[in-house]
Amino acid sequence: MLFNADTGETRTMRLKEDAHDYRYFPDPDLPPLVIPQPWVDEVRAQMPELPAVMAERFQKEYGLPAYDAAMMTQSKVFGTWFEQAARASGQPKLVANWLMGEVSRRLNAESRELAASPVDAATLATLVTRIADGTVSHNGARQVFDALWNGEGTDVDDVIGAKGLRQVSDTGELERIVDQVLAANPKSVEEYRAGKDKAFNALVGQAMKATQGKANPAQVNELLKKKLGP
């Protein structure tokens, strides 16, 4: 019901409840649409891998967490770059960490696209490999990355050598240094054996200092624990 305040009239609205009320009718000029399956298959084969599909594949093939996989597929270039470096290094998680961390930080600071990165996927793969095999520490790797980004060099191993960043991984040399540290710090040794864990960190710090930060931290920890006993 509608009430017209000006005329005082009341009118009944006509309700439209069925299709025929709207005068719907089929258009006789529209033929049935039939899409050949071979054409559908051809188009599907030519389509690029969609981000969600790529992210799921990265989780299955490379063991990436869901968040990392989503970040690696934010663009086709990013996904391709990640996969190249991951395959070359065999360290997908470490590659993802570097892309989300140091690489993205530099790109954002300089308003660059990944395609314009001074450090390409193959070079990052080599750097990540040197971290994984203990050639250089994470801190040393950042110094190498700085040099590569700033154009101080193009070869990872050359930069590591030029800057003296190669870790000391020789067991005999490290054992000699650890023995010296233990002999020079009897108080820390005593405190550690008395249950003070901070004393162990102090001994690790002394060993790293003795090698100017070049000792492999994992090996230093292992040797110290072995010599200090349970």
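Residues numbered from 1 in each chain as written. Predicted model: local features only at pLDDT ≥ 70, side-chain atom pairs only at ≥ 80, totals over all residues. Heavy atoms only, no water.

Assigned secondary structure in the chain consists of 12 helices and 2 strands. Overall, the chain shows an N-to-C arrangement of helices and strands of β-β-α-α-α-α-α-α-α-α-α-α-α-α. Burial statistics for the chain: of 230 residues in total, 35% are counted as buried. Within the chain, contacts between residues separated by at least 24 positions form 57% of all contacts whose residues are at least 6 apart in sequence. Summed over all atoms, the accessible surface of the chain reaches about 15,000 Å², with 53% contributed by carbon and sulfur. (Helix = DSSP H or I, 4+ residues; strand = E, 2+ residues; numbered from the N terminus. Buried < 20%, exposed > 50% of the residue type's maximum accessible area, 1.4 Å probe, protein only. Contact = heavy atoms within 4.5 Å. Areas by Shrake-Rupley, 256 points an atom, 1.4 Å probe, with all protein chains shown as cover.)

Let us look at the nonpolar core. One finds Phe-82, Trp-98 and Leu-99 to be the most contacted residues of the largest nonpolar core, which totals 38 residues. Take this core: its biggest share by element is 7 residues, from helix H5 (residues 92-109). Ignoring any residue separated from it by four or fewer positions in sequence, one finds Trp-98 in contact with Val-103, Ser-104, Leu-124, Leu-127, Val-128, Ile-131, Ala-141, Arg-142 and Phe-145. Grouped together as the second largest cluster of nonpolar side chains are 18 residues, Ile-177, Val-189, Ala-207 and Leu-224 included. (Core = buried A, V, L, I, M, F, W, Y, C linked by side-chain atoms within 4.5 Å.)

Moving on to the pattern of salt bridges. Within this structure, the stated rule accounts for 14 salt bridges. Between Arg-57 and Glu-61 there is a salt bridge, with its nearest N and O atoms 3.3 Å apart. Of the two residues, Arg-57 and Glu-61 both sit in helix H2 (residues 51-62), 4 residues apart, roughly one turn of that helix. For Glu-61, a relative accessible area of 48% puts it in the partly exposed group. For Glu-83, the salt bridge goes to Arg-57, with nearest N and O atoms at 2.7 Å. Of the two residues, Glu-83 sits in helix H4 (residues 76-89) while Arg-57 sits in helix H2, which places them 26 residues apart along the sequence. Across this residue pair, the class does not change: Glu-83 and Arg-57 are buried. Sharing partners across several salt bridges, the network here consists of Glu-49, Arg-57, Glu-61, Glu-83 and Arg-87. (Salt bridge = Lys/Arg side-chain N within 4 Å of Asp/Glu carboxyl O.)

Now for the environment of Ser-89. Within the element layout of this structure, Ser-89 appears in helix H4. The class of Ser-89 is buried, set by a relative accessible area of 12%. For the pair Ser-89 and Ala-132, spaced 43 residues apart in sequence, the C-alpha separation works out to 9.0 Å. Each residue touching Ser-89, except ones within four places of it in the same chain, is listed here: Val-95, Ala-125, Val-128 and Thr-129. Side-chain polar atoms of Ser-89 contact the backbone nitrogen of Gln-91, separated by 3.1 Å. (Polar contact = N/O pair within 3.5 Å; in protein donor to acceptor, adjacent residues only side chain to side chain.)

What follows concerns the packing of aromatic side chains. Applying the stated criterion to the full structure yields 6 aromatic pairs. Their ring planes at 80° and their centres at 5.5 Å tell us that Tyr-62 and Phe-82 sit as a pair that is edge-to-face. Of this pair, Tyr-62 sits in helix H2 while Phe-82 sits in helix H4, placing them 20 residues apart in sequence. With relative accessibility at 0%, the residue Phe-82 sits in the buried group. The structure contains a cluster of three or more aromatic residues connected by ring pairs, namely Phe-58, Tyr-62 and Phe-82. (Phe/Tyr/Trp six-rings, centres within 6.5 Å; stacked < 30°, edge-to-face > 60°.)

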